[in-house]
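# Report on the structure
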Amino acid sequence: MIEMLFHFLETLFIGLIIGGGVIMAACVRPFLLQVLSGGGNRELVSTVEGISIKAWNRYNRYAFFSSLLLLLLDLIRYFAGLGNPLWHMGILGIIVLAFLRKFQIDRQLSVRLQEKPLAAAGSAEQNAGHRQVERLSKIILFLAVIAVVLPK
């Protein structure tokens with residue numbers, strides 16, 4: 001019975017990480033990127049940049065807590081003797097660390113946008129930060145899929 005509950009929670013949490021990441025990357029980001037790359041009105045670009053950062057940050061928080069709870073479930077399974085492999089906990093640990101790094105970069109992006117709203121959007125530093133966050137998002141998605149696909 002407890003194993004069924006753990007399986008349900010694991011499916012829910014991993015679904016939040018993978019599903020939310022795919023929706024953000026495939027639906028939200030391209031729509032906002034059109035406005036950001038248009039270059040027209042600097043105030044509009046700055047506003048959309050702020051919306052983009054806040055939207056990703058909200059997803060990141062939900063996915064981060066999901067990955068922490070998954071790690072907690074794995075630890076409970078391990079200490080209860082329910083046979084959880086250590087590599088699975090390692091993957092989840094890497095995902096947690098990647099989210100922590102994303103939070104740091106998002107904070108830098110937000111601070112830069114608050115300090116210089118018109119100059120930050122589209123700047124080289126801002127674009128570099130976005131590329132780092134995108135790279136981390138791909139790594140998180142890849143590792144989450146591995147955690148689901150490979151048997152425990």
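Above this text sits the structure in question.
The text that follows walks through the structure, step by step, so that each part is easy to find. None of these values were measured; they are calculated from a predicted model. (Residues numbered from 1 in each chain as written. Predicted model: local features only at pLDDT ≥ 70, side-chain atom pairs only at ≥ 80, totals over all residues. Heavy atoms only, no water.)

## Here's the deal with the overall build of the chain
Put simply, the rule is: Helix numbering and strand numbering both begin at the N terminus, where a helix is a DSSP run of H or I of at least 4 residues and a strand a DSSP run of E of at least 2. Working definition: with a 1.4 Å probe on protein chains only, accessible area under 20% of the residue-type maximum means buried, over 50% means exposed, and in between means partly exposed. In what follows, residue pairs with any heavy atoms lying within 4.5 Å of each other are defined as contacts. Using a 1.4 Å probe, the Shrake-Rupley method yields the accessible areas, and only the shown protein chains count as cover for residues. We treat Lys and Arg as the positive residues and Asp and Glu as the negative residues; His and chain ends play no part in the count. Where a charge lies is defined by one atom per residue type: Lys uses NZ, Arg uses CZ, Asp uses CG and Glu uses CD.
Regarding its fold elements, the chain presents five helices and zero strands. The linear arrangement of helices and strands in the chain, starting from the amino end, is α-α-α-α-α. Along the three orthogonal principal directions, the C-alpha set of the chain runs to about 60 × 25 × 20 Å. When each of the 152 residues of the chain is scored for burial, the buried share is 40%. Contacts in the chain between residues at least 24 apart in sequence constitute 76% of all its contacts with a sequence separation of at least 6. Summed over its atoms, the accessible surface of the chain is roughly 8800 Å², and 70% of this surface lies on carbon and sulfur atoms. Across the chain, 15 positive and 9 negative side-chain charges occur, with their mean positions spaced 3 Å apart.

## So, the environment of valine 96
If you trace the backbone, valine 96 turns up in helix 3 (residues 86-115). Judged by its relative accessible area of 9%, valine 96 falls in the buried class. Expressed as a C-alpha distance, the spacing of valine 96 and phenylalanine 142, which sit 46 residues apart in the sequence, is 13 Å. Those residues in contact with valine 96 that sit more than four places away from it in its chain are Phe64, Ser67, Leu68 and Leu71.

## Description of a nonpolar patch on the surface
Using the following cut-off: The patches described consist of residues with a relative accessible area above 30% and no salt bridge, like charges being joined within 9 Å and nonpolar side chains (Val, Leu, Ile, Met, Phe, Trp, Tyr) within 5 Å. In what follows, salt bridge is the name for a side-chain nitrogen of Lys or Arg lying within 4 Å of a carboxyl oxygen of Asp or Glu.
Nonpolar side chains collect at one region of the surface, where Ile2, Leu5, Phe8, Leu12, Leu16 and Leu82 lie side by side and expose about 560 Å² of accessible area between them. Assignment of secondary structure puts leucine 16 in helix 1 (residues 2-38). Using a relative accessible area of 40% as the deciding quantity, one classes leucine 16 as partly exposed.

## Focus on the packing of aromatic side chains
What counts here: Classification of ring pairs rests on two measures: the distance between centres of Phe, Tyr or Trp rings, Trp counted by its six-membered ring, which must be within 6.5 Å, and the angle between planes, read as stacked under 30 degrees, edge-to-face over 60 and tilted in between.
In this structure the tally under the stated criterion is five aromatic pairs. Ring centres of phenylalanine 64 and phenylalanine 103 lie 5.3 Å apart, and the angle between their planes is 80°; on these two criteria the pair is classed as edge-to-face. Of this pair, phenylalanine 64 sits in helix 2 (residues 42-80) while phenylalanine 103 sits in helix 3, placing them 39 residues apart in sequence.

## What about the nonpolar core?
The condition is simple: As used here, the term nonpolar core means buried Ala, Val, Leu, Ile, Met, Phe, Trp, Tyr and Cys residues forming a set that is joined through side-chain atoms within 4.5 Å.
Formed by 32 residues in total, the largest nonpolar core has its most connected members in Ile17, Tyr59, Ile95 and Phe99. Looking at this core, the elements with two or more residues in it are helix 1, helix 2, helix 3 and helix 5 (124-149). Looking at this core, the element that brings in the most residues is helix 3, giving ten residues. Not counting residues within four places of it along the chain, the set of residues in contact with tyrosine 59 comprises Leu16, Ile17, Gly20, Gly21, Met24, Phe99 and Lys102.

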